[in-house]
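A closer look at the structure
One letter stands for each residue in the lines below.
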4 protein chains.
Amino acid sequence: MKRSFASDNNAGIHPDILAAISSVNAGHVVGYGDDRYTQSAIEKFREHFGGAADAHFVFGGTAANVLGLQAVTRPYNSILCTDVAHINTDECGAPEKFTGCKLLTVSGSEGKISIAEVQPLLHGLGDQHHVQPKVISISQSTELGTVYTPAEIKALADFAHRNQMLLHMDGARISNAAASLRVPLKAITADVGVNVLSFGGTKNGMMYGEAVIFFDRALSQDLKYIRKQGMQLASKMRFISAQFSALLSNDLWYRNAEHANQMAKRLAQEVRRLRNVRITQKVEANGVFAIVPRETLPALLKEYFFYVWNEASSEVRWMTSFDTTEEDIESFVGLLRHAVG
Amino acid sequence: MKRSFASDNNAGIHPDILAAISSVNAGHVVGYGDDRYTQSAIEKFREHFGGAADAHFVFGGTAANVLGLQAVTRPYNSILCTDVAHINTDECGAPEKFTGCKLLTVSGSEGKISIAEVQPLLHGLGDQHHVQPKVISISQSTELGTVYTPAEIKALADFAHRNQMLLHMDGARISNAAASLRVPLKAITADVGVNVLSFGGTKNGMMYGEAVIFFDRALSQDLKYIRKQGMQLASKMRFISAQFSALLSNDLWYRNAEHANQMAKRLAQEVRRLRNVRITQKVEANGVFAIVPRETLPALLKEYFFYVWNEASSEVRWMTSFDTTEEDIESFVGLLRHAVG
Amino acid sequence: MKRSFASDNNAGIHPDILAAISSVNAGHVVGYGDDRYTQSAIEKFREHFGGAADAHFVFGGTAANVLGLQAVTRPYNSILCTDVAHINTDECGAPEKFTGCKLLTVSGSEGKISIAEVQPLLHGLGDQHHVQPKVISISQSTELGTVYTPAEIKALADFAHRNQMLLHMDGARISNAAASLRVPLKAITADVGVNVLSFGGTKNGMMYGEAVIFFDRALSQDLKYIRKQGMQLASKMRFISAQFSALLSNDLWYRNAEHANQMAKRLAQEVRRLRNVRITQKVEANGVFAIVPRETLPALLKEYFFYVWNEASSEVRWMTSFDTTEEDIESFVGLLRHAVG
Amino acid sequence: MKRSFASDNNAGIHPDILAAISSVNAGHVVGYGDDRYTQSAIEKFREHFGGAADAHFVFGGTAANVLGLQAVTRPYNSILCTDVAHINTDECGAPEKFTGCKLLTVSGSEGKISIAEVQPLLHGLGDQHHVQPKVISISQSTELGTVYTPAEIKALADFAHRNQMLLHMDGARISNAAASLRVPLKAITADVGVNVLSFGGTKNGMMYGEAVIFFDRALSQDLKYIRKQGMQLASKMRFISAQFSALLSNDLWYRNAEHANQMAKRLAQEVRRLRNVRITQKVEANGVFAIVPRETLPALLKEYFFYVWNEASSEVRWMTSFDTTEEDIESFVGLLRHAVG
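Residues numbered from 1 in each chain as written. Chains lettered and ligands numbered in written order. Predicted model: local features only at pLDDT ≥ 70, side-chain atom pairs only at ≥ 80, totals over all residues. Heavy atoms only, no water.

**Some thoughts on the relation of the copies chain A and chain B**
Expressed as a screw operation, the relation of chain A to chain B combines 0.0 Å of axial shift with a rotation of 180 degrees, fitting to an RMSD of 0.0 Å. When the rotation and shift are considered jointly, the pair of chain copies conforms to a two-fold rotation axis. (Least-squares fit on C-alpha atoms with pLDDT ≥ 70 in both.)

Structure follows, in structure tokens:
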């Protein structure tokens, strides 16, 4: 089926990942993570994130976010994020349902939270009538295809810690962010004060599987119960583990992400040449946001599936993935050029 | 790694299943189940369970149970099951946490619930102080390796319906039950009044993936929201779907289950010849329960991993799987014979 | 202790209410609401709200809101309200914790929700990734001391119903609203499409006790279980019931509310004459919002307790109650006049 | 209305309690517990329970239990109690709904839990599949009208603490227990290792109001948020506080409870003389359990309301209260004598 620009999760499995799955399929191993493949994958995470990193594997990205947040909150807490945060808009209320917490949102800028916006939410501290802020949650890369710099993350982490809060990172696309910044994964997480991280695998070439990573064991002590009660404990865990081991070896995580990023850059370059199409967000990771003439949408969507981000302004989102090719882009831009005249 | 008798989920992926995954890995498809592979798998379920069957795929078995129960309960309801039910003992309280319901248990016999035992739990109906019974949940095959007959299921379903309740079936091993009874899957579900079914894939040769099946659309209307909020919506759904399509084609579900059952029968036959080992449950599916001399356990467990079901009585559980071989059994029984003298 | 302008719940019990409690204190009656005093109070509600009204008594106002919302939602629903709604800001996340739902907010105008603002929140209908809007919740009178007209309520109810939603009213101060509009309670609830109402007693002279009222029995069928599970079933219910019977007899509800409203009007009149104090909201019920010179606050708060509504703008809230006297106002305005020069 | 033997909560308000309410009804005080009456009541609790006692007032008894348990658990924990525990049978699943925890029950003896019964429930410790035991909850006096001795409580507390668990006491009728044992309240709580206590007011002459008491501030730090989120924060808190102050002054708590106990003893004495009626439980507090001829029930229930505890065995429960008179007993026993011949 034709590669679209709908989402990086419309892509399939990277061949190396599928091969890794196949390679661990011999014989029996103990279920639920008590196997050597899982131990080995956890070690891989420590190589990338430091020895203090405690990684727990789950099935999906919503779960990674929700379980990580559950581990560090009580139901009377609030979680601060942007309006466009995945946890706020795309998880069907799972964070509220499972943690009991309220999400407090700021409008953000370029998909990023600023301290100035968060500060006013820190009112009512100690007041029993009000939910008590406990976590700032950011997405890296953001839902708008932008990337926090290490300094920006550190500033938010420091602010959170000064206010007895924690910093959570939804890293469904953290590899794209690290590749974009040309820094190791550690540089935008453990090194700059992130406390809990959802590390995304599926959007970067895996079949399924995400990791919840804590950088302080005091925070993750009861994650194993939360994961099981959260319906996220895989019985045949080895097959998630093998995927992560492959992704974190031979720079596969980086190569996949970097390729997707480059394809987004290229798409943006081509699009910028078109009249009547305006790119609306910085292209720093693997997404391109643009306003296209509304009347062209039917023709475009007939050939390629992608999301209309904002019906009112006719803004669309195009995502690239590890398997997007230059031909895909040429072909799509050709259609676009034709459509917008 | 040596095949053990710990659990059917210690086995890997059946080759046909892995091939099916590989075969749908080309190109992009829309995420979250809106793809033709998923449509096709849902059709497969209708072939086996009748046209009214509404199948929804989830990651794991605990989730299949919990989401199915959530769809048909309100938090003030109770769910009736046996003490040894997986939902009661092995899901770390996920049913209570997610549905808010109370589980009321009966001790059961041979792992099965009887109407006589359930009847006394139906007190306090209409009394606001008491949780209101809404679901009887049975496991097929049971956690003790026994199998409900169609007539037994129908009696429980009729009883449930007469009392404004529903019948839920945890079918993590439903294929083993159907194979044991030599009946189609429909004969122990749709045909005898089951309302909600967890259909197990993982324990019968899949890599991951279970299905929640409803036999009345009125009950499943909001399952899609419950699934997403329950953190069980796979983005790359096609890979679960392809597995189910393979499992439900060419009798693979039956062949895998039947093989596992035969291996359990054979294991039981061999074990019955041993002195000092006593089989404690009918061997109707793919599990063998036996009391072995306590002093032999260390030597056995050094070579083979399996679960001690009851420490007090030295009762153990041996599970067979689609890939258990006659050699595995000979080898294990040899060790056992040697150990028990 | 001096009567303040902090909140109508800083007042005590109206003498008629206390007398009513005393009058039902003889002998034993069956607990949990199965008594004639409760039956009688429910009848009183029907007199005021129509024969279809189904009233359930609870301890407090937060509970009235939360249980009413719980009865008509499922956890994947959203509840639409203003930023300043009590359910959003002053209930410590109880709605999210108990219902599992997400609250979606609009900024509102004069404390009121408008259809224009709500409309954009009705996106993602039928999309499993998004919470599904189910309830519009308004407060009457509003948290800003304003009052919805019957026409405004009807328009919101019609809009809600057209979109398969319900209209919930937080009527913690509904009596003040009805008195302000000089209409019966029915005219701003049952007659204009409200589906679920929290009827406030405590802020209008009761000791404790609120009522959840439904105007359609189909919605309240399981409220009795929700109430008990929600920890709101009073064992000695007769003492809530007697209070409500007194409040709803001899126009006590109206007289208390009307008096409080008049006192607010008078306070506003006096305040308008002062330089350097600016009233910021229409004074339609029993609250007065004003911006006062920041430097006067310490002196004022030393003598009278009241809430600073907005620290940034030095906006304060003054509430009057059934027992506020003209002398209280004169005395307070005297201090205020002195303070602002 | 005739005083029945249905429940101590069918009684009304003790005159001293009603007078105390009336005495604090002058003027305004700050809401939500930040008032001197509440401070004073909290001090009263410290007089009785020791300086470390941290008391929080709530509306009802179910809430006292649930919020106390919520404060010391996480949702993957289990709470161990008897089958007949109020939290297990009479709270419509509120503990499960609000805490997310599973209740594990033992059958008990005389309404009491024994270490021998609890011990087997402490399996699966550290195993992610199983809920993790965290609290033993006992009722004092028990639901069967019996009383734990201080030594029995201490043994359970020590056992709990040795196993990293806590001891919770549902003290809805703790005053009856202390009066029965002729010991101060402290002797069966703080002095013997109870960690969390629900202190009952309503069943001992109050109008409404219970207290959650912790004996270690580390456990109660976030109770204020849990209480508000649990919909149990009274706005006009002074009226609960004044009741508690009265109850805990002049030995009113003791006199009320002692009287009820004496009435139960007397009722039991009289009943023991009757043929065909058999008392089934020790009469140590204010309840009498007896098996009466089934055919006499209609005549008895026509005159007096009480609960049939066990339909199958025709066992009934008769409760006495602070206002039961000797005449009430004579009259009831007269009827009973007549009925049983």
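**Focus: the environment of Ile138 of chain D**
All names here are of chain D. Its place among the elements puts Ile138 in strand β4 (residues 132-139). With 80 residues separating them in the primary sequence, Ile138 and Ala218 have C-alpha atoms 21 Å apart. Apart from the residues lying within four places of it in its own chain, the contact partners of Ile138 are Ile113, Tyr148, Ile153, Leu156, Leu167, His168, Met169 and Asp170. (Helix = DSSP H or I, 4+ residues; strand = E, 2+ residues; numbered from the N terminus. Contact = heavy atoms within 4.5 Å.)

**Quick word on the interface of chain A and chain B**
Each partner contributes to the interface: chain A provides 55 residues, whereas chain B provides 56 residues. At the boundary of chain A with chain B, total buried surface from both sides reaches about 4700 Å², with 59% on carbon and sulfur atoms. The interface formed by chain A and chain B contains zero salt bridges. Scanning the region where chain A abuts chain B turns up 34 residue pairs in polar contact (both at pLDDT 80 or more). Looking at the side of chain A that touches chain B, the elements that each hand over two or more residues are α1 (15-23), α3 (61-72), α5 (94-99), α10 (223-229) and α11 (238-247) of chain A. At five residues, the largest contribution of residues to the side of chain A that touches chain B is made by α3 of chain A. (Buried area = accessible area lost by both parts, 1.4 Å probe. Salt bridge = Lys/Arg side-chain N within 4 Å of Asp/Glu carboxyl O. Polar contact = N/O pair within 3.5 Å; in protein donor to acceptor, adjacent residues only side chain to side chain.)

**Here we look at the pattern of salt bridges**
This model, assessed by the stated rule, comprises 56 salt bridges over all chains. Across the salt bridge formed by Lys154 of chain B and Asp158 of chain B, the nearest N and O atoms sit 2.9 Å from each other. On the criterion of helical spacing, the pair formed by Lys154 of chain B and Asp158 of chain B is a turn pair, its members being four residues apart in helix α7 (residues 150-162). As a salt-bridge pair, Lys112 of chain C and Glu152 of chain C come within 3.0 Å of each other at their nearest N and O atoms. With a gap of 40 residues between them, Lys112 of chain C in the loop between β3 (102-106) and α6 (115-118) and Glu152 of chain C in helix α7 (residues 150-162) connect regions that are remote in the sequence.

**Here's the deal with the packing of helix α2 (residues 36-49) of chain D against helix α11 (residues 238-247) of chain D**
Residues and elements named next belong to chain D. Put simply, α2 and α11 touch, their axes get as near as 8 Å, and they point 35 degrees apart. Crossing angle aside, the handedness with which α2 passes α11 is left-handed. Contact residues: Tyr37, Thr38, Ser40, Ala41, Lys44 and Phe45 in α2; Arg238, Ser241, Phe244 and Ser245 in α11. Looking at side-chain class alone, the contact of α2 with α11 contains four nonpolar, four polar and two charged residues. (Axes fitted to C-alpha atoms, helices over the stretch in contact; angles between N-to-C directions. Left-handed = near helix turned anticlockwise from the far one by under 90°. Nonpolar A, V, L, I, M, F, W, Y, C, P; charged D, E, K, R; others polar.)

**Let's talk about unusual backbone geometry**
The phi torsion of most residues other than glycine is negative, and most of the peptide bonds are trans. Residue Ser141 of chain A is reached from Gln140 of chain A by a cis peptide bond, and omega for that bond is -10 degrees. Topologically, Ser141 of chain A is positioned in the loop between β4 (132-139) and α7 (150-162). You will see that Met231 of chain C, though not glycine, has its phi angle at about 65 degrees, which is positive. You can see Met231 of chain C is positioned in the loop between α10 (223-229) and α11 (238-247). Positive phi values are uncommon outside glycine, yet Tyr32 of chain D reaches one of about 65 degrees. With respect to the element layout, Tyr32 of chain D can be found in the loop between α1 (15-23) and α2. The class for Tyr32 of chain D is buried, based on a relative accessible area of 17%. (Buried < 20%, exposed > 50% of the residue type's maximum accessible area, 1.4 Å probe, protein only.)

**Some points on the interface of chain C and chain A**
Taken residue by residue, the interface counts 18 residues in chain C and 19 residues in chain A. Taken together, both faces of the contact between chain C and chain A bury some 1400 Å²; the carbon and sulfur share is 53%. In terms of surface lost to chain A, no three residues of chain C exceed Cys92, Glu96 and Lys102 of chain C, which account for 37% of the buried area on that side. Here chain C is connected to chain A by two salt bridges. Joining chain C to chain A, the criterion identifies 10 residue pairs in polar contact (both at pLDDT 80 or more). Counting only elements with at least two residues in the side of chain C that touches chain A, the list comes to α4 (86-89), α5 (94-99) and β3 of chain C.

**Re the packing of aromatic side chains**
Given two aromatic rings, one states the distance between the centres and the angle between the planes to describe the pair. All names here are of chain C. A complete count under the given rule lists 80 aromatic pairs over all chains for this structure. An angle of 80 degrees between the planes, with centres 6.0 Å apart, marks the rings of Phe306 and Trp318 as edge-to-face. Taken together, the residues span a long stretch of sequence, with Phe306 in the loop between α13 (297-303) and β10 (307-310) and Trp318 in strand β11 (residues 315-319) at a distance of 12 residues. Like Phe306, the residue Trp318 is buried in the burial classification. An angle of 80 degrees between the planes, with centres 5.2 Å apart, marks the rings of Trp318 and Phe332 as edge-to-face. Here Trp318, found in strand β11, pairs with Phe332, found in helix α14 (residues 326-340); they are 14 residues apart in sequence, far enough to count as distant. A relative accessible area of 0% places Trp318 in the buried class. Residue classification places Phe332 among the buried positions, given a relative accessible area of 0%. (Phe/Tyr/Trp six-rings, centres within 6.5 Å; stacked < 30°, edge-to-face > 60°.)

**Quick word on the pairing of strand β11 (residues 315-319) of chain B**
All names here are of chain B. Within β11, five of the five residues are buried, leaving the element largely enclosed by the surrounding structure. Burial of the side chains of β11 extends over both faces: Glu315, Arg317 and Met319 are buried on one face and Val316 and Trp318 on the other. Examined bridge by bridge, strand β9 (residues 287-291) and β11 share five bridges and lie antiparallel to one another. By the bridge assignment, Val288 is partnered in β11 with Trp318. Where strand β10 (residues 307-310) meets β11, three bridges bridge the pair, whose relative direction is antiparallel. Bridging from a neighbouring strand, Val308 pairs with Val316 of β11. Where β10 folds back onto β11 in an antiparallel hairpin, the turn is made up of four residues, including Ser314, whose phi is positive at roughly 60 degrees. (Pairing = 2+ DSSP bridges.)

**Looking at the side chain of Gln232 of chain C**
By secondary structure assignment, the location of Gln232 of chain C is in the loop between α10 and α11. Residue Gln232 of chain C is classed as buried on the basis of its relative accessible area of 0%. Among the polar contacts listed, one links the side chain of Gln232 of chain C to the backbone oxygen of Met231 of chain D, at a separation of 2.8 Å. For Gln232 of chain C, the contacting residues outside a window of four places in its chain are Phe57, Val58, Phe59, Gly60, Ala63, Leu67 and Arg227 of chain C together with Met231 and Gln232 of chain D.

**Let's talk about the sheet that holds β10 of chain B**
Residue and element names in this part refer to chain B. With respect to topology, four strands assemble into an open sheet ordered β8-β9-β11-β10, the strand pairing being antiparallel. Each of the sheet's edge strands pairs with one partner strand only, and the pair in question is β8 (278-279) and β10. Along the sheet, helix α12 (residues 252-272) makes contact with β8, β9 and β11, crossing β9 at roughly 20 degrees.

**Here we look at helix α2 (residues 36-49) of chain A**
Helical geometry note: an α-helix holds 3.6 residues per turn, so side chains three or four residues apart project in the same direction. All names here are of chain A. With 14 residues, α2 extends 20 Å from end C-alpha to end C-alpha; this agrees with the ideal 20 Å at 1.5 Å per step. For α2, the full list of buried residues reads Tyr37, Thr38, Ala41, Ile42, Lys44, Phe45, Arg46, His48 and Phe49. At the C-terminal side of α2, Gly50 shows a positive phi close to 100 degrees. (Expected span 1.5 Å × (residues − 1).)

**Focus: the domain arrangement of chain A**
The extent of an interface is frequently quoted as the accessible surface area lost upon association of the parts. All names here are of chain A. If you check the domain split of chain A, you get domain 1 (14-247) and domain 2 (252-340). Measuring from the centre of the C-alpha atoms in domain 1 to the corresponding centre in domain 2 gives 27 Å. On the side of domain 2, 21 residues touch domain 1, which itself brings 24 residues to the contact. In this assembly, domain 1 packs against domain 2 so that about 2000 Å² is buried in total across both faces, 53% of it on carbon and sulfur atoms. Considering only the surface of domain 1 that becomes buried against domain 2, His14, Leu144 and Asn176 emerge as the three largest contributors, covering 23% of it. If you look at where domain 1 meets domain 2, you find two salt bridges. Among the ionic pairs, Glu258 bridges to Arg182, the shortest N-O distance being 2.8 Å. At the junction of domain 1 with domain 2, the criterion picks out 12 residue pairs in polar contact (both at pLDDT 80 or more). If you list the elements that add at least two residues to the side of domain 1 that touches domain 2, you get α1, α8 (174-181) and α11. Here the side of domain 1 that touches domain 2 takes five residues from α8, the largest share from any one element. A breakdown of the residues in the side of domain 1 that touches domain 2 according to their chemical character gives nine nonpolar, 10 polar and five charged. (Domains from an automatic or database assignment.)

**Some remarks on the pairing of strand β6 (residues 196-200) of chain A**
Residue and element names in this part refer to chain A. Extensive coverage of β6 is indicated by the burial of five of its five residues. Burial along β6 is two-sided: the face carrying Val196, Ser198 and Gly200 and the face carrying Leu197 and Phe199 are both buried. Read as a crossover between parallel neighbours, the route from strand β5 (residues 166-171) over α8 to β6 is right-handed. One ladder, built from five bridges, connects β6 with strand β7 (residues 210-214); its direction is antiparallel. Among the inter-strand pairings, Phe199 is bridged to a residue of β7, identified as Ala211. (Right-handed = clockwise from strand over helix to strand, strands pointing away.)

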